[in-house]
Amino acid sequence: MEILSQMWSLLGLLTVLQNVLPSQLLSLLHSLYESLQDLLSPYSYFEIPEFNGYCGVDLNDLYRHVHLYLNAANHAPGAACRRLTLSRSPSSNRISFAVAPNHTVHDAFGGHRVTWTHHVETAQDSLEEKRSFTLRLPKRHRHALLSPYLAHVTARAEEFERVSRERRLFTNNTTGSGSFESGWVSVPFRHPSTFETLALEPELKRQIKNDLTAFADGKEFYNRVGRAWKRGYLLHGPPGSGKSSLIAAMANFLCYDVYDLELTKVSDNSELRSLLIQTTNRSIIVIEDIDCSVDLTADRTTKKTQAAKLSKRKKSQTASFTRCEESGRVTLSGLLNFTDGLWSCCGDERIVVFTTNHRDSVDPALVRCGRMDVHVSLNTCGVHAFRELARNYLGVDSHVLFEAVEGCIRSGGSLTPAHVGEILLRNRGDADVAMREVLAAMQGRMLAAAAVADQAENEDTTVGVRSPESVLLMGSPENWDALSGKKRKEQHGGNNNWDKKVKFFVRLRSLTRSDPGR
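Scoring rules and cut-offs
- Residues numbered from 1 in each chain as written.
- Predicted model: local features only at pLDDT ≥ 70, side-chain atom pairs only at ≥ 80, totals over all residues.
- Heavy atoms only, no water.
- Core = buried A, V, L, I, M, F, W, Y, C linked by side-chain atoms within 4.5 Å.
- Buried < 20%, exposed > 50% of the residue type's maximum accessible area, 1.4 Å probe, protein only.
- Helix = DSSP H or I, 4+ residues; strand = E, 2+ residues; numbered from the N terminus.
- Contact = heavy atoms within 4.5 Å.
- Salt bridge = Lys/Arg side-chain N within 4 Å of Asp/Glu carboxyl O.
- Pairing = 2+ DSSP bridges.
- Axes fitted to C-alpha atoms, helices over the stretch in contact; angles between N-to-C directions.

Engineer: So what exactly am I meant to see when it comes to the nonpolar core here?
Structural biologist: Within the largest apolar cluster, 28 residues are counted, with the highest numbers of intra-cluster contacts made by L246, M250, I351 and V353. Counting residues per element, the ones that place at least two in this core are α6 (202–216), β11 (230–236), α8 (243–254), β13 (283–287), β14 (350–356) and β15 (374–377). No other element matches the seven residues that α8 contributes to this core. The contacts of M250, once residues within four sequence positions are left out, are F195, L212, Y233, I284, I351 and V353. Of all hydrophobic cores here, the second largest spans 25 residues; its members include W184, V330, L336 and A365.

Okay, here's the thing in structure tokens:
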């Protein structure tokens, strides 16, 4: 009790001195006390205010990084705080939390313990709040810890911001004005496709994921070799092979925005450049059906024809004519500048994706190395891809008809992932019915392919007997009769083969219609 009474007496004396002594002297005494405390304390303190300077206008980027670092949901410092403030924005389902005002959290770095304190002060006669973070480091190691630790905080904060932010799907406007204010419109991007649900062969999945990871982590590498930090992908395959689903899976894997560029809505090369400038970093720029968007391949043919006709004219007239012809539309050179020219380096961490159903129809200048770095062939559904679809749609890892389906796939009766997925989706309530219908569709595809092949063989036989032009390839006229007899014999043998194929598939279908449990 005696100690408590002495403490109360001391507090009373300090209160009296605070009311009696002038404010200048009190400020000096407070400054001396803090200096003495800093001298005797084993820690150093660093304050990070919310705004830079005294005006409170310029936001301190380091404060934002510390806020993100401490408030990451999977991060130990923020989760270990005794009191948190929870919040959720209307456009996101993610619940975020912040360190409550005037509370402290602890962190570890380099074998040392550091402390963060969130200060919130309300200004007198005002509703405005002054926020700041105070970092406490061991005084003996502050020079060795400060810069690396803040770099660690910034890197973790940027990674958390990239993963947690809402992704957007952009498309270019139809106004055709090329204005910088309204070049793109966007909606939230919430496509559920991931590499785990994608119907691809495991080795192809692994290669694509490794390439994307190396690209996302390759900032220093691209700067060192002097290349723009971008990557080009060409996805080619028949309709329904999963090109759009792969793009969505890439965006979800990297947490990138998606810009769906419709070239038919772009008026000229200048508007194309302005659209490129407006795209953000960490984005995927998609041009689907590049062989059908604009007639780019015709540019070279047209220019060669014009050059032949105008070879006798002056160079100035030729250049003027070419400029007049190219004005008012997107040209091949403009698209090349978009993908691999000077304008392609106006941003960082961008992926350009071209898709096409017919790779041979794309101009070779667009798909050479350096523009389209990765060519991905997406064809019909393979064995592993089919098992992945069955697992996703039906929830089964094995079935009595798996071997029959895989036999059809290896024999050329495979369907596209979209076709298989539609059948499984329609019959997702009964795995047996779904598997039988998939098998019947594959058998029908094999029968149709065999019929087309036999029809083509019969047509070749008929042409070989009756067409005079084919004689030049087959032999002299005195061998016509012998050749005709040989063809008729081959045709008869082909019919026997066709009968054998039909009998085989009829027997296979009858087996698949039986009870799977028997």
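Engineer: How should I be thinking about the pattern of salt bridges in this particular structure?
Structural biologist: What the rule picks out here adds up to 14 salt bridges. Residue R64 pairs with E161 through a salt bridge whose shortest N-O separation is 3.0 Å. Of this pair, R64 sits in helix α3 (residues 61–70) while E161 sits in helix α5 (residues 142–164); the two residues are 97 residues apart in sequence, bridging distant segments of the chain. Judged by its relative accessible area of 27%, R64 falls in the partly exposed class. Since its relative accessible area comes to 31%, E161 is described here as partly exposed.

Engineer: So what exactly am I meant to see when it comes to the sheet that holds β15 here?
Structural biologist: Two strands in a sheet stick together by hydrogen bonds in their backbones, pointing the same way (parallel) or opposite ways (antiparallel). Spatially, seven strands are ordered β10-β9-β12-β13-β14-β11-β15 in an open sheet, and the strand pairing comes out mixed. Across the chains shown, the open sheet's two edge strands, defined by having one partner strand only, are β10 (184–188) and β15. When strand polarity is set aside, the average angle formed by the axes of neighbouring strands in this sheet is 20 degrees. In terms of strand pairing, strand β9 (residues 168–172) meets β10 through five bridges, oriented antiparallel. Residue pairing in the sheet places F170 in a bridge with S186 of β10. Each of β11, β12 (257–260), β13, β14 and β15 is contacted by α8, which is oriented at about 170 degrees to β14, the strand it contacts most. Its contacts with the sheet place helix α9 (residues 269–278) against β9, β10, β12, β13 and β14, and it is angled at close to 40 degrees to β10.

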